[in-house]
Amino acid sequence: MGKDNKMSSPEQERRSAVQLVSALLLLLSLSGCSSMDVLVSSYINALNGTTVTIPCTFTSCYKIDLTKFAMNWTYQETLNNTEEKFMTYDKKKGMQPVPSNRFGDRVVFSGNLEKNDLSITLQDVQLEDEGVYNCYVRNPPDRIQGHGVINFNVVTELPPPRDSTIAVAIGASVGGALALLILSMVVVKCLRRHRKQELISEEKMEEEGKLEPEAVAEEGTKLP
């Protein structure tokens with residue numbers, strides 16, 4: 001029995017060491033969850049008078065705890081101007097628009113908190129809506145507040161579409177030229193190889209012609 005205990009002791013120590021290392025790795029992984037990533041489109045072009053969605057999502061090491069979660073949408077005419085809050089999260093009512101003379105009731109929440117989606121939709125886009133939009137997120141126990149910045153540009157007309165016919169014609173011309181070039185290279189290579197084979201054949205024939213008289217002379221010397 002004592003021998004069995006001594007043999008099992010190293011095994012127990014090994015298991016204890018593995019458990020300790022696993023616990024340390026778990027603690028390190030949890031300590032690394034100190035911030036989040038906010039994902040937004042850095043630049044958005046919107047056509048005047050249309051409805052546009054401004055996306056904002058985030059990744060976090062923790063699920064949303066609605067009793068601690070917080071977020072705000074703000075607007076600035078430029079980065080140097082004061083921020084104006086127009087959308088926020090209320091612990092009792094959820095995502096709520098903040099009364100704003102600029103947007104009125106044109107801004108609605110179109111995301112999904114369960115999917116970490118904080119996107120908003122701006123209806124009837126106006127030229128005055130152009131500016132910087134900020135998406136702020138706090139999701140404890142993440143300690144650092146997430147922040148996404150969107151530069152929103154309003155245009156009065158869309159750029160003209162590219163003429164695909166011209167692009168196709170140019171592509172066809174270039175493709176045809178390349179095909180002809182490749183075909184020419186192949187033909188030249190084949191002609192050179194054929195010519196080389198002909199030269200080799202001629203050289204062999206000349207050598208055989210030189211050897212025949214010599215062979216006849218040798219046979220003549222052997223005759224009595």
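What counts and how
Residues numbered from 1 in each chain as written. Predicted model: local features only at pLDDT ≥ 70, side-chain atom pairs only at ≥ 80, totals over all residues. Heavy atoms only, no water. Helix = DSSP H or I, 4+ residues; strand = E, 2+ residues; numbered from the N terminus. Buried < 20%, exposed > 50% of the residue type's maximum accessible area, 1.4 Å probe, protein only. Areas by Shrake-Rupley, 256 points an atom, 1.4 Å probe, with all protein chains shown as cover. Disulfide = S-S within 2.5 Å. Pairing = 2+ DSSP bridges. Core = buried A, V, L, I, M, F, W, Y, C linked by side-chain atoms within 4.5 Å. Contact = heavy atoms within 4.5 Å.

### Description of the overall build of the protein
Next, step 1: The helix and strand tally for the protein stands at 2 helices and 11 strands.
Next, step 2: Helices (α) and strands (β) of the protein occur, in sequence order from the N terminus, as α-β-β-β-β-β-β-β-β-β-β-β-α.
Next, step 3: Every one of the 224 residues in the protein was classed for burial, and the buried ones make up 22%.
Next, step 4: When the accessible area of the protein is evaluated, it comes to approximately 16,500 Å², of which 58% is carbon and sulfur surface.

### Looking at the state of the cysteines
Next, step 1: Evaluation of the coordinates by the stated rule reveals 1 disulfide.
Next, step 2: Across the disulfide, Cys56 is cross-linked to Cys135 (sulfur-sulfur distance 2.1 Å). An S-S torsion of about -80° defines the bridge between Cys56 and Cys135 as left-handed. Here Cys56 is found in strand E4 (residues 56-59), whereas its partner Cys135 is found in strand E10 (residues 131-138), with 79 residues between them in sequence. Grouping residues by exposure puts Cys56 and Cys135 together as buried.

### Structural notes on the environment of Asn151
Next, step 1: In this structure, Asn151 sits in strand E11 (residues 146-155).
Next, step 2: Exposure remark for Asn151: the relative accessible area of 27% places this residue in the partly exposed category.
Next, step 3: Along the primary structure Asn151 and Tyr43 are separated by 108 residues, whereas in three dimensions their C-alpha atoms are 4.8 Å apart.

### Overview of the pairing of E4
Next, step 1: Where burial is concerned, the two faces of E4 differ: the one with Cys56 and Phe58 is buried and the one with Thr57 and Thr59 is not.
Next, step 2: Where strand E1 (residues 37-40) lies against E4, 4 bridges are found, and the strand directions are antiparallel. From the neighbouring strand, Asp37 faces E4, where its bridge partner is Thr59.

### Looking at the nonpolar core
Next, step 1: Counting residues in hydrophobic clusters, the biggest one holds 29 residues, and the most contacted among them are Trp73, Phe86, Leu118, Tyr133 and Phe152.
Next, step 2: Elements that contribute at least two residues to this core include exactly strand E2 (43-47), strand E3 (52-54), E4, strand E5 (70-76), strand E6 (84-90), strand E9 (120-122), E10 and E11.
Next, step 3: Leaving out residues up to four positions away in the same chain, Leu118 has contacts with Cys56, Phe58, Phe69, Met71, Trp73, Phe109, Leu113, Cys135 and Val137.

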